[in-house]
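Fold and contact review
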Amino acid sequence: MRKLYVGNKNYSSWSMRPWVLMKQAGIEFEEVVLRFDSFDADSQFKHAIGALNPVAKVPVLVDGDLVVWDTLAIAEYLAEAFPEKQLWPRSVADRARARSVCAEMHSGFGGLRNHCGMNIEASLPEVGARLMKEVPEVASDLARIVQMWSGLLEAHGGPMLFGAQFGIADAYFAPVGTRIKTFGLPVPPHITAYIERVQALPGVKAWIDDALAEKDFLPFEEPYRTRR
């Protein structure tokens, strides 16, 4: 049985991506949750995950003797291992576009990621409102997300970004939807509707339910507040 190593479900956005992808696609796996005690080199988390991969980060997929780390590498491996699941779109052009937006998420949106960390159990609209006023990068990243999702939904007719099926691109942006909700970031109704559709999917809802059940407040993950 393949194993997927993930961090705290409330906070670990990169872990969420392959987990919800596999869950929604019906790809069997055993999850192993490694709690974030800290990210210092001598932490239990770093020792545990560092034994599996040289960068000592989650997620990590272990499939027999093969160890795959980095979310995009895991997604590509799964797409090749399970071609019948059609995790990427069918057409060459759509696959190229889907890979482009995933790569954009992988390397970009630093303002949104750095200032609006994933925190599924929280409701922080006042923090979001302040960030939209004080941090231009957050507002510009949000505008790009709205532009991107709007264009893809219009081009492919929804309900997911590339048509009827939840795929790698939707999994890649699922944590962004939780950030928008947590921080009350202003988006048009059709974007809110897309977020709600994704979060209602069984594979995504299962992650969110687990995150809400964790009740594991980590102050170093939440620089914007020090207590519940």
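Residues numbered from 1 in each chain as written. Predicted model: local features only at pLDDT ≥ 70, side-chain atom pairs only at ≥ 80, totals over all residues. Heavy atoms only, no water.

1. Focus: the side chain of serine 13
Tracing the sequence through the fold places serine 13 in helix 1 (residues 13–25). A relative accessible area of 8% means that serine 13 is categorised as buried. Leave out the neighbours within four places in its chain, and serine 13 touches Met118, Pro175 and Arg179. (Helix = DSSP H or I, 4+ residues; strand = E, 2+ residues; numbered from the N terminus. Buried < 20%, exposed > 50% of the residue type's maximum accessible area, 1.4 Å probe, protein only. Contact = heavy atoms within 4.5 Å.)

2. Some points on the packing of aromatic side chains
Overall, the coordinates contain six aromatic pairs when judged by the stated rule. Summarising the aromatic geometry, the rings of tryptophan 19 and phenylalanine 29 are spaced 6.0 Å apart at their centres and angled 85° between planes, so their arrangement reads as edge-to-face. Placement of tryptophan 19 in helix 1 and of phenylalanine 29 in the loop between helix 1 and strand 2 (30–33) is noted, with a sequence separation of 10 residues between them. Ring geometry for tryptophan 149 against phenylalanine 173: centres 5.9 Å apart, planes inclined by 80°, an arrangement best described as edge-to-face. Placement of tryptophan 149 in helix 7 (residues 136–156) and of phenylalanine 173 in helix 8 (residues 168–182) is noted, with a sequence separation of 24 residues between them. Relative accessible area serves as the criterion here: at 0%, tryptophan 149 is assigned to the buried category. Grouped by ring-pair contacts, the aromatic residues Trp19, Phe29 and Trp207 constitute a single cluster. A cation sits over an aromatic face here: arginine 17 above tyrosine 172, 5.4 Å from the ring centre. (Phe/Tyr/Trp six-rings, centres within 6.5 Å; stacked < 30°, edge-to-face > 60°. Lys NZ or Arg CZ within 6 Å of the ring centre and 35° of its normal.)

3. Here's the deal with the layout of surface pockets
Counted as a void, the second largest pocket has a volume near 190 Å³. Contributing to the lining of the second largest pocket are Ile120, Ala122, Ser123, Thr178, Lys181, Thr182, Gln199, Lys205, Ile208, Asp209 and Leu212. Of all the elements in the fold, those that place two or more residues in the lining of the second largest pocket are helix 8 and helix 10 (202–214). (1 Å grid on protein atoms, 1.4 Å probe; cavity = no way out; pocket = protein on both sides within 12 Å on 5 of 7 lines; lining within 4 Å. Points joined across faces, edges and corners; volume = space filled by probe spheres on them.)

4. Considerations on the sheet that holds strand 4 (residues 66–69)
Read from one edge to the other, the open sheet built from four strands follows the order 2-1-3-4, with strand pairing classed as mixed. Since the sheet does not close on itself, it has two edges, and those belong to strand 2 and strand 4, each with one partner. Going across the sheet, the axis of each strand differs from the next one's by a mean of 20°, ignoring polarity. Pairing of strand 1 (residues 3–6) with strand 3 (residues 60–63) involves three bridges; the strand directions are antiparallel. Across the sheet, residue lysine 3 finds its bridge partner in strand 3, namely valine 62. (Pairing = 2+ DSSP bridges. Axes fitted to C-alpha atoms, helices over the stretch in contact; angles between N-to-C directions.)

5. Re the packing of helix 1 against helix 3 (residues 71–81)
Axis angle and axis distance: for two packed helices, these are the angle between their axes and the distance between the axes, and together they describe the pair. Running from N to C, helix 1 and helix 3 point in directions that differ by 15°, and their axes come no closer than 9 Å. Judged on the interaxial angle alone, helix 3 and helix 1 are roughly parallel. For the pair helix 1 and helix 3, the crossing hand works out as right-handed. The residues of helix 3 that touch helix 1, namely those facing Trp14, Arg17, Pro18, Leu21 and Met22, are Thr71, Ile74, Ala75 and Leu78. (Parallel < 35°, antiparallel > 145°, perpendicular 65-115°, else oblique. Left-handed = near helix turned anticlockwise from the far one by under 90°.)

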